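Observations on the model geometry
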Amino acid sequence: MAFWKPGTEKPRFEEDGEGGIVFMSNNLASSSSSSYGYANIEKQRQRLPVYKYRTEILYLVENHATTIIVGETGSGKTTQIPQYLKEAGWAEGGRVIACTQPRRLAVQAVSARVAEEMGVNLGEEVGYTIRFEDHTTSGVTKVKFLTDGVLIREMMEDPLLTKYSVIMIDEAHERSISTDILLGLLKKVSQSNIVLVIQRRRPELRLIISSATIEAKTMFNFFNPSKKRHAPEGSAPGPKLEPAILSVEGRGFSVKIHYVEEPVSDYIRSVVSTILLINEREPPGDVLVFLTGQEDIETAIKLLEEEAHSNQKNSSGLLPLPLYSGLSRSEQDLIFTPTPRGKRKVILSTNIAETSLTLEGVVYVIDSGFSKQKFYNPISDIESLVVAPISKASARQRSGRAGRVRPGKCYRLYTEDYFLNQMPGEGIPEMQRSNLVSTVIQLKALGIDNILGFDWPAPPSPQAMIRALEVLYSLQILDDDAKLTSPTGFQVAELPLDPMISKMILASSELGCSDEIITIAAVLSIQSVWIIARGVQKEQDEAKLRFAAAEGDHVTFLNVYKGFLDSKKPSQWCYKNFLNYQSMKKVVEIRDQLKRIARRLGITLKSCDRDMEAVRKAVTAGFFANACRLEPHSNGVYKTIRGSEEVYIHPSSVLFRVNPKWVVYQSIVSTERQYMRNVVTINPSWLTEVAPHFYQNRQNAMSF
DNA sequence: GAGCACTGC
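Residue positions are given per chain, counted from 1 along the sequence in the order it is written. The naming scheme follows written order: chains are lettered A onward, ligands numbered 1 onward. Two thresholds apply to this predicted model, a pLDDT of at least 70 for residue-level local features and 80 or more for giving and counting side-chain atom pairs, whereas whole-chain, interface and lining totals are computed over all residues. Only heavy atoms go into the side-chain values, all of them from the structure, while hydrogens and water stay out.

Focus on the overall build of chain A
Assigned secondary structure in chain A consists of 27 helices and 23 strands. Buried positions account for 53% of the 704 residues belonging to chain A. In chain A, of all internal contacts separated by at least 6 residues, the share reaching a separation of at least 24 is 72%. Secondary structure counts use DSSP, requiring at least four H or I residues in a row for a helix and at least two E residues in a row for a strand, with both numbered from the N terminus. Relative accessibility thresholds used throughout: buried, under 20% of the residue-type maximum; exposed, over 50%; partly exposed, between the two (1.4 Å probe, protein chains only). Pairs of residues are marked as contacts when any of their non-hydrogen atoms sit within 4.5 Å.

Description of the sheet that holds strand β20 (residues 638-640)
The pairing criterion for strands is at least two bridges between them, as found by DSSP. Strand order in the closed barrel formed by five strands is β19-β20-β21-β23-β22, with mixed pairing between adjacent strands. Along the sheet, successive strands turn relative to each other by an average axial angle of 50°, direction set aside. Pairing of strand β22 (residues 662-670) with strand β23 (residues 674-681) involves seven bridges; the strand directions are antiparallel. What sits directly across from Val-663, in β23, is Thr-681. For helices, the fitted line uses only the C-alpha atoms of the stretch in contact; every axis is such a line through C-alpha atoms, and the angle between N-to-C directions lies from 0 to 180 degrees.

Observations regarding the packing of aromatic side chains
Each pair of aromatic rings taken from Phe, Tyr and Trp, with Trp reduced to its six-membered ring, is defined by centres within 6.5 Å and is described as stacked if the planes are under 30 degrees apart, edge-to-face if over 60, and tilted in the remaining cases. Inspection of the entire model under this criterion finds 14 aromatic pairs. Where Phe-624 meets Phe-694, the ring centres are 5.2 Å apart and the plane angle is 65°; that geometry is what we call edge-to-face. Here Phe-624, found in the loop between α24 (612-623) and β19 (627-630), pairs with Phe-694, found in helix α26 (residues 692-695); they are 70 residues apart in sequence, far enough to count as distant. Ring pairs connect the aromatic residues Trp-530, Phe-547, Phe-564, Trp-573 and Tyr-581, which therefore count as one cluster. Charges are assigned to positions over rings by a cutoff of 6 Å between ring centre and Lys NZ or Arg CZ, combined with an angular limit of 35 degrees from the ring normal. Across from the ring centre of Phe-222, 4.5 Å away, lies the NZ or CZ of Lys-187, which sits over that ring.

Here's the deal with the sheet that holds strand β8 (residues 164-169)
In spatial order, the strands read β6-β5-β7-β4-β8-β9-β3-β10; together these eight strands make up an open sheet with mixed pairing. Only two strands of the sheet have a single neighbouring strand rather than two, namely β6 (133-135) and β10 (244-248). For this sheet, the mean inter-axis angle between neighbouring strands, taken without regard to orientation, is 20°. As paired strands, strand β4 (residues 96-101) and β8 are joined by five bridges and run parallel to one another. Each bridged residue has a counterpart across the sheet, and for Thr-100 the counterpart in β8 is Ile-169. Helix-sheet contacts for helix α5 (residues 148-157) involve β4, β5 (126-130), β7 (143-147) and β8, and the interaxial angle to β7 is about 100°.

Overview of the protein's contact with DNA strand B
Being near a molecule or strand, for a residue, means having at least one of its heavy atoms within 4 Å of it. By nearness alone, 34 residues border DNA strand B, and Arg-153, Ser-325, Lys-372, Glu-494 and Thr-671 come closest of all. The sugar-phosphate backbone supplies 61% of the atoms of DNA strand B found within 4 Å of the protein. A distance of 2.3 Å separates a phosphate oxygen of DNA strand B from a polar backbone atom of Ser-325. Take Gln-593: an N or O atom from its side chain is 2.8 Å from a sugar or linking oxygen of DNA strand B. Under the rule applied, a polar contact is a pair of N or O atoms within 3.5 Å (in protein, one hydrogen donor and one hydrogen acceptor; residues adjacent in sequence only if both atoms are side-chain atoms).

Regarding the pairing of strand β17 (residues 382-389)
Bridge count for strand β16 (residues 370-377) against β17 is eight bridges, and the pairing is antiparallel. Bridged to Phe-370 within β17 is Pro-389.

As for the nonpolar core
Judged by nonpolar contacts, the single largest core of 111 residues is most densely connected at Ile-167, Val-440, Met-504, Ile-517 and Val-529. Residues contacting Ile-517, with those up to four places away along its chain left out, are Met-504, Ile-505, Ser-508, Val-615, Ala-618 and Val-619. The definition of a nonpolar core used throughout is a set of buried Ala, Val, Leu, Ile, Met, Phe, Trp, Tyr and Cys residues joined through side-chain atoms within 4.5 Å. The next biggest cluster of nonpolar side chains, apart from the first, holds 34 residues, and it includes Tyr-59, Ala-88, Met-118 and Leu-246.

Here's the deal with the pairing of β22
Taking burial as the measure, the nine residues of β22 include seven buried ones, the bulk of the element. Strand direction decides the pairing type here: β19 and β22, joined by three bridges, are antiparallel. Bridge pairing in β22 links Ala-627 to Val-664. In sequence, β22 turns back onto β23 through a hairpin of three residues.

A short note on the confidence of the model for chain A
In predicted models, pLDDT denotes the confidence assigned by the predictor to each residue on a 0 to 100 scale. Residue-level pLDDT values for chain A average 85, and 89% of them are 70 or greater. Predicted confidence for residues 1-5 stays below pLDDT 50, and this span has 13 contacts to residues more than four positions away or in other chains.

Remarks on helix α9 (residues 267-281)
Here α9 is 15 residues long and its end C-alpha atoms lie 21 Å apart, about the 21 Å a rise of 1.5 Å per residue gives. Those residues of α9 lying buried are Tyr-267, Ile-268, Ser-270, Val-271, Val-272, Thr-274, Ile-275, Leu-276, Ile-278 and Asn-279. Helix span, expected: 1.5 Å multiplied by one less than the number of residues in the helix.

Section: the side chain of Glu-282
With respect to the helices and strands, the residue Glu-282 is situated in the loop between α9 and β12 (286-290). Given the relative accessible area of 19%, Glu-282 is considered buried. At a separation of 3.4 Å, a polar atom in the side chain of Glu-282 contacts the side chain of Tyr-411. The contact partners of Glu-282, leaving out residues within four places of it in the chain, are Leu-277, Arg-344, Tyr-364, Lys-409 and Tyr-411.

Considerations on the environment of Gln-476
Within the element layout of this structure, Gln-476 appears in the loop between α16 (462-474) and α17 (488-494). On the basis of relative accessible area, Gln-476 is assigned to the partly exposed category, the value being 42%. Along the backbone, Gln-476 and His-693 are 217 residues apart, and their C-alpha atoms lie at a distance of 9.6 Å. Once residues within four sequence positions are removed from consideration, Gln-476 is found in contact with Thr-485, Thr-488, Lys-503 and His-693.

Digging into the pattern of salt bridges
The salt bridge definition used is simple: a Lys or Arg side-chain nitrogen within 4 Å of an Asp or Glu carboxyl oxygen. If you walk through the whole model with that rule in mind, you get 26 salt bridges. Note that Arg-54 and Glu-87 form a salt bridge whose closest N and O atoms lie 2.7 Å from each other. Here the residue Arg-54 occupies a position in helix α2 (residues 54-63), and Glu-87 occupies one in helix α3 (residues 77-87), the gap between them amounting to 33 residues. The exposure class assigned to Glu-87 is partly exposed, which follows from its relative accessible area of 37%. Residues joined by salt bridges that share partners form a network here, namely Glu-42, Arg-45, Arg-54, Glu-87, Arg-113, Glu-116 and Glu-117.

A look at unusual backbone geometry
Residue Pro-487 is bonded to the preceding Ser-486 through a cis peptide linkage, with omega at 5°. Summarising the element assignment, Pro-487 is placed in the loop between α16 and α17. Phi is positive for Asp-381, which is not a glycine, with a value near 60°. Taking relative accessible area as the criterion, Asp-381 reaches 12% and is therefore assigned buried. Positive phi outside glycine occurs at Ala-482, with the angle close to 60°.

Notes on the packing of helix α19 (residues 514-524) against helix α23 (residues 581-600)
Orientation of α19 relative to α23, taken along the N-to-C sense of each, is 130°, at an axis distance of 8 Å. Compared by their axis directions, α19 and α23 come out oblique. The chirality of how α19 crosses α23 is right-handed. Contact residues: α19 offers Asp-515, Ile-518, Thr-519, Ala-521, Ala-522 and Val-523, while α23 offers Val-587, Ile-590, Arg-591, Leu-594, Lys-595 and Ala-598. Throughout this entry, Asp, Glu, Lys and Arg are counted as charged residues, while Ala, Val, Leu, Ile, Met, Phe, Trp, Tyr, Cys and Pro are counted as nonpolar. The remaining residues, Gly among them, count as polar. Class assignment for the residues of the contact of α19 with α23 results in eight nonpolar, one polar and three charged. Here roughly perpendicular refers to angles of 65 to 115 degrees, roughly parallel to angles under 35, roughly antiparallel to angles over 145, and oblique to all remaining angles. Take the far helix as your reference; a near helix turned counterclockwise from it by less than a right angle gives a left-handed crossing, and one turned clockwise gives a right-handed crossing.

With respect to the side chain of Glu-354
Along the chain, Glu-354 turns up in helix α12 (residues 352-355). The buried category is assigned to Glu-354, whose relative accessible area is 9%. Within polar-contact distance, the side chain of Glu-354 engages the side chain of Arg-398 at 2.9 Å.

Observations concerning the packing of α3 against helix α4 (residues 104-118)
Two quantities define a packed helix pair, namely the angle between the axes and the distance from one axis to the other. Across the interface, α3 lies against α4 with an axial gap of 10 Å and an inter-helix angle of 50°. It follows that α3 is oblique to α4 by the angle criterion. Crossing hand, α3 versus α4: right-handed. Counting all contacts with α3, which are made through Thr-78, Thr-79, Gln-80, Gln-83 and Lys-86, the residues of α4 involved are Val-110, Arg-113, Val-114, Glu-117 and Met-118. Here the residues of the contact of α3 with α4 are counted per class, giving three nonpolar, four polar and three charged.

Shown next as structure tokens:
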């Protein structure tokens, strides 16, 4: 065995001589298998591309505070690197190796795999933590997988993350808000002047950032300390502060890329004709199509079905299947059933298949070049979903989905010139496209006072920051000095919710309706309780009417929840009422969690029985900034009180076409119009009652 | 008359 062990001589490298960036030579390690019981698993592990770099990875981690590992999918880095670290002794002496993932499902899947490879029970030596599920054993767990959101929460208790020896941030290229917060915090922990003290106290803390090629340089620059601010290398003991970069190839099959010669004017029609072309000319293999949303997907399926009627030859054997998050579990499961003999599955998907779901059997990918992306306008404080061109990084990710089982083909419905010269290299980090109230609260709770000066991988706009501070100030979560108020601010930071929802819960304590409001809070913090009923909208509307409350959606949710609890067979009951059973189970789970936290915060759980005015007042106390008034003599046009934006009640709301004079909404979805989602009627006098500081200067605008 | 995708003590 030629593995390098910490403390011995340096292994062979190619160095570029520039500030510590190290690119690895591809020296193959000799393959030797252990003679113990897990020979088979050992062999499999050794066949992974990352295995060749084991020695180098351990060397770099030993000698650099931060190691950036660039690896394509299939390299095995996620499952292997934590094991290498453990084998090299990083988990000795009660220390823990952490590996974060952006998604819960990935955490569960990866930890199960690693436990199996190590021949241990999941939850013991290898464990995982996600919201609601802690499968770790204190003092026993040595390798721990967790979502990056959970690690941020852990930092609120233990800002220096003292129990960890190595923290691996996986999938950092996705640049989710949580990942970016973590990167900013970890840089602070491992490098800043204050924490240099900590580095001396625990010189063993190491970071591994795992990222796709395209983002590696960004990560390097972010973690490379400015030379001016730091003492010269060698004056302090411990690892080098300059990050190391190591590149690991993947194990995907080759994918041949096809471009269109001329830009297409209608990508849905192009998708359909490309599917027919593949079906006519290419050998068997499933097709995965990336479109922007449900509407695109349904249009494309309709066109395919029309084609099947008029031209049986080209479209014979095609099995079109939609895939997007709003589908029920059973509809999504159709995607994973084996393709029937002589058939060709055509999966028409949103971005969900880009990262969150892996589909086996896909050989052909069709990339429309677009996706729906979230954007935030700090002036109007409105987040919207906009169809926008994807980045090169996304395009590569999409085409890679064709090469998982054998060499594949990807048809890009844009020109090569566009890809090379116009397509942006990377997407805009989520941090720069979002409302930041939750982010600001989290940083404040971590004791970071200078939010505007925080060192982000991608700093958000000052306007967005200032807007978030304003909103938190108006909610009395921050005081005049932008510090957390006591107790409100600290309580809000404890609750894993949007601060407006948290404020609503705190208000309900005084209004005597916390029992109802906690249910509402749980429903508001998931996507939707309703399934997306294709072709049966009428039936769903009728089902909704059975729960509908004149007061609005929030009160309707209380009726839905009550019905769910009272039902004998909840899954059938949900199906009958066009409700998403998975979502309802999640509501129950979140509600339990909120109940526990509320109890700890000293909120007494109290029901207001039929007093829906208390419930509406509590909602107003959290969402007063989202108050709207119906324009007189208009057909359902509302104006926001704050910004006089023109908005409409969303057709999914029980108040659609009812158009009460005064409402508050939870959020806006901005498509062709700006629609208010989750709307409740209010009495405008409550606005000045619950938020006098916010409304005292707006009396004229309100004129009630 | 309409909903990209994730996530959190």
